[in-house]
Amino acid sequence: MKKEYTLSVYTENQVGLLNKIAIIFSRRKINLESLNSSPSEIDKIYRFTIVIIETETVVNNIVRQLEKIVDVFKVYANTNEEIVWQQMALYKVPTSIIMKEVKVERLLREYGAKAVVIREDYTVFEATGQDDEINNLLTELGKYGLIEFVRSSRIAIIKSSEGVHKKVLDMEKNDPTKKPINNEFLNHKSMIFQM
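An account of the accompanying structure is given in this report. In this text the structure is predicted, and so the values were computed from the model without any measurement.

Any two packed helices are characterised by the angle at which their axes cross and by the distance between the axes. Viewed as axis vectors pointing N to C, helix H1 (residues 17–27) and helix H2 (residues 56–67) meet at an angle of 150°, and their least axial separation amounts to 11 Å. Taken together, the axis directions place H1 and H2 in an arrangement best described as roughly antiparallel. Of the two elements, H1 crosses H2, and the hand of that crossing is right-handed. Taking contact as the criterion, the partners of Ile21, Ile24 and Phe25 in H1 are, on H2, Ile62, Gln65 and Leu66. Among the residues forming the contact of H1 with H2, the class breakdown is five nonpolar, one polar and no charged.

Rendered as C-alpha cells:
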C-alpha cells in the first residue's frame, strides 16, 4: 500500500547531483511531492528532503539506489509518524477586508499567522504548519478575496535520530575501503603550488 515517505539525503554539494537524484525518480515515474535542499549540521554536508508517496518496497529500493551515488553519504526514509515536519506559507489578502472583517482577524490568530508586510492595498501573512492547517487557512482566506498564495517545501527532522554527523563520521572511520594515502607531496603542497 502506498503512503507518504520523507527521504533525508545527506550529500556533498556537487554540481549535477540534483540531476542524478531526479533521474532515479523519473526513471521509476515517481512524482516528487516536495523537494528541499539546505545545509546540515555538518560543515559542507547538505540535506535534501524529498517527499514521495510510494510503497515501502519501492522506497527501500530508491534508498539503496540513492546511496550508490558517489556524493551521497546516507539516506533515511521515514513515515510522517517518525519525523517532526513543517511547511511555511504566505497569504496575500486585501488590507481593506482585514480592516472590515473581524472574522478574518480571528481566523489569522487561530492559525497563528503573523503579518509580514502591511500596505494600503494588501497585507501578506506568514503561517507555518502541516498540510491540513495550511490548506484549511487557504480555504478560509479564499472566502475573503485571497490575492495570492505560496507554500514552501517540507522541512523535517527525524524523531529518533542522534544526528547524521555521528553516523557519517562513524562510517568514515569504519570504511575498510578507505586506506591512508601515502603521498610524499601531501605535506609540501604549499611549496608545490608556488613553483
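Looking now at the side chain of Arg154. Secondary-structure assignment places Arg154 in the loop between strand E8 (148–151) and strand E9 (155–158). Engagement of the side chain of Arg154 in a polar contact is seen with the side chain of Glu4, the distance being 2.8 Å. Of the polar contacts made by the side chain of Arg154, one reaches the side chain of Thr6; its length is 2.7 Å. Ignoring any residue separated from it by four or fewer positions in sequence, one finds Arg154 in contact with Glu4, Thr6, Ser34, Asn36, Thr49, Val51, Asn80, Ile83, Trp85, Gln86, Gln87 and Asp131.

This part takes up the environment of Tyr144. Position of Tyr144 among the secondary structure elements: in the loop between helix H5 (131–142) and E8. According to the relative accessible area criterion, Tyr144 is buried, its value standing at 19%. When the C-alpha atoms of Tyr144 and Val104 are compared, they prove to be 7.7 Å apart, with 40 residues separating the residues in sequence. What Tyr144 contacts, discounting residues up to four positions off in sequence, is Pro94, Ile97, Glu101, Lys103 and Val104.

So, about the pattern of salt bridges. For the coordinates displayed, the defined rule picks out eight salt bridges. One salt bridge connects Lys74 with Glu67, and the closest N-O pair in it is separated by 3.6 Å. Note on Lys74: relative accessible area 22%, which makes it partly exposed. In this structure, the salt-bridge partner of Arg109 is Glu105, at a minimum N-O distance of 2.6 Å. One end of the pair is Arg109 and the other is Glu105, both in helix H4 (residues 102–110) and four residues apart, which spans about a single turn. Owing to a relative accessible area of 62%, Arg109 belongs among the exposed residues under this scheme.

About the criteria used
Residues numbered from 1 in each chain as written. Predicted model: local features only at pLDDT ≥ 70, side-chain atom pairs only at ≥ 80, totals over all residues. Heavy atoms only, no water. Axes fitted to C-alpha atoms, helices over the stretch in contact; angles between N-to-C directions. Helix = DSSP H or I, 4+ residues; strand = E, 2+ residues; numbered from the N terminus. Parallel < 35°, antiparallel > 145°, perpendicular 65-115°, else oblique. Left-handed = near helix turned anticlockwise from the far one by under 90°. Contact = heavy atoms within 4.5 Å. Nonpolar A, V, L, I, M, F, W, Y, C, P; charged D, E, K, R; others polar. Polar contact = N/O pair within 3.5 Å; in protein donor to acceptor, adjacent residues only side chain to side chain. Buried < 20%, exposed > 50% of the residue type's maximum accessible area, 1.4 Å probe, protein only. Salt bridge = Lys/Arg side-chain N within 4 Å of Asp/Glu carboxyl O.

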